[in-house]
Amino acid sequence: MKIIDKINEKKVTVSFEIFPPKKQDAFDSVKNTAIELTSLSPDFISITYGAGGSTQSNTAELAAAVENAGTAALAHLTCVRSTREQLTESIGTFKSKGIQNILALRGDFPRDASEDENVFPSGLVHASDLVPVLKDAGFCVGGACYPESHPESANRDDDIELLKKKVDAGVDFLTTQMFFDNDMLYSFLYRLQSAGIRVPVIAGIMPITNANQVSRMIDLSNAYIPRKLLSICDRFRNSPNAMRQAGIAYATDQIIDLISNGVRGIHIYTMNKPDIAREIVRNVDSIVAAVNGESAAK
């Protein structure tokens, strides 16, 4: 099923993200994680794509396993270090495995690139260049967005302008990068409306269950960390069980506030930890069901 159809038939969706293993001997473990996550009845599960397509085959295999388990899969696809032929091959592989949904990404600029390397041999330099190719192939296409602006954007206006270009190219929905202050998202949604961007926006939530994650999140996404979350990390840094419980509670609180304020979807970055996803879903299942006019899951 195409994800946009799920979004249109529900007032709020819940989805997960997993990432393929870098080492092949860990593939079965991650596949089992993906199957375990499908048992929580998410609306879809997204599967990331390694830098330069380094996990391409595993992304396709995991997406197929998710689909075979009865859950819609959202496979990531990037432009970086991919030729036209490689992109065509990837698209063909996804289609042959029954994947109907792709998240179109430029991909992180490779840190090991030499000055004279052309890291975009396909000629597709931005996600907005990839979107029409995927739409022509019949996919439902998602795009990424940054509530606090993409780290490479000159300013917020420039960021919104580039995002609108991606949406105008045919993106069906957007999923945000992780954020830890809901006011950042609400401000961002207002700017989208002002720019005429009307596609559904799914909020990306990262449960912080290890205090060391905070510095990594700042490096990866330049996300603002509220004082409340910093206090939690400082207080429970050396108490793993307490930190885990507090991190799940913080993410739960974010989600309840988002749903209460009409956000259309919640996307949980699981870090391949189904137990954490399960606890968060249990915390909000009756809330999600009430909004969607359904009975809560057992």
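In what follows, the structure referred to is the one given above.
Cut-offs used in this document
Residues numbered from 1 in each chain as written. Predicted model: local features only at pLDDT ≥ 70, side-chain atom pairs only at ≥ 80, totals over all residues. Heavy atoms only, no water. Pairing = 2+ DSSP bridges. Helix = DSSP H or I, 4+ residues; strand = E, 2+ residues; numbered from the N terminus. Axes fitted to C-alpha atoms, helices over the stretch in contact; angles between N-to-C directions. Contact = heavy atoms within 4.5 Å. Phe/Tyr/Trp six-rings, centres within 6.5 Å; stacked < 30°, edge-to-face > 60°. Lys NZ or Arg CZ within 6 Å of the ring centre and 35° of its normal. Polar contact = N/O pair within 3.5 Å; in protein donor to acceptor, adjacent residues only side chain to side chain. Buried < 20%, exposed > 50% of the residue type's maximum accessible area, 1.4 Å probe, protein only. Right-handed = clockwise from strand over helix to strand, strands pointing away. Expected span 1.5 Å × (residues − 1). Arc of directions from axis to C-beta.

### Regarding the sheet that holds strand β2 (residues 44-47)
Spatially, β1-β2-β3-β4-β5-β6-β7-β8 is the arrangement adopted by the eight strands of the closed barrel, whose pairing is parallel. Direction aside, neighbouring strands of the sheet carry axes that sit 30° apart on average. Across the face of the sheet, helix α5 (residues 127-136) comes into contact with β3 (72-78), β4 (101-105) and β5 (140-145) while running at roughly 155° to β4.

### As for the packing of aromatic side chains
On inspection of all chains with the given rule, the structure shows one aromatic pair. In this arrangement the basic side chain of Lys95 is found over the ring face of Phe139, its NZ or CZ atom lying 5.2 Å from the centre.

### Topic: the side chain of Gln213
Counting through the fold element by element, Gln213 comes out in helix α8 (residues 213-221). At a separation of 2.8 Å, a polar atom in the side chain of Gln213 contacts the main-chain amide nitrogen of Thr209. For Gln213, the contacting residues outside a window of four places in its chain are Met206, Pro207, Ile208 and Met271.

### Looking at the pairing of β2
Of the two faces of β2, the one carrying Phe44 and Ser46 and the one carrying Ile45 and Ile47 are both buried. Looking at chain direction, strand β1 (residues 13-18) and β2 are connected through four bridges and run parallel. What sits directly across from Glu17, in β2, is Ser46. As for the winding sense of the linkage, the β-α-β connection from β1 through helix α2 (residues 27-38) to β2 is right-handed.

### Looking at α2
Along an α-helix, a turn takes 3.6 residues, which lines up residues three or four apart on a common side. Compared with an ideal rise of 1.5 Å per residue, which puts 12 residues at 16 Å, α2 spans 17 Å between its outermost C-alpha atoms and is within 8% of the ideal. When we look at burial in α2, the residues that qualify are Phe27, Val30, Thr33, Ala34, Leu37 and Thr38. In a view along the axis of α2, the buried residues occupy a sector of 140°, so they form one face of it. Residues of α2 that are exposed and angled more than 90 degrees away from the buried face: Asp28 and Asn32.

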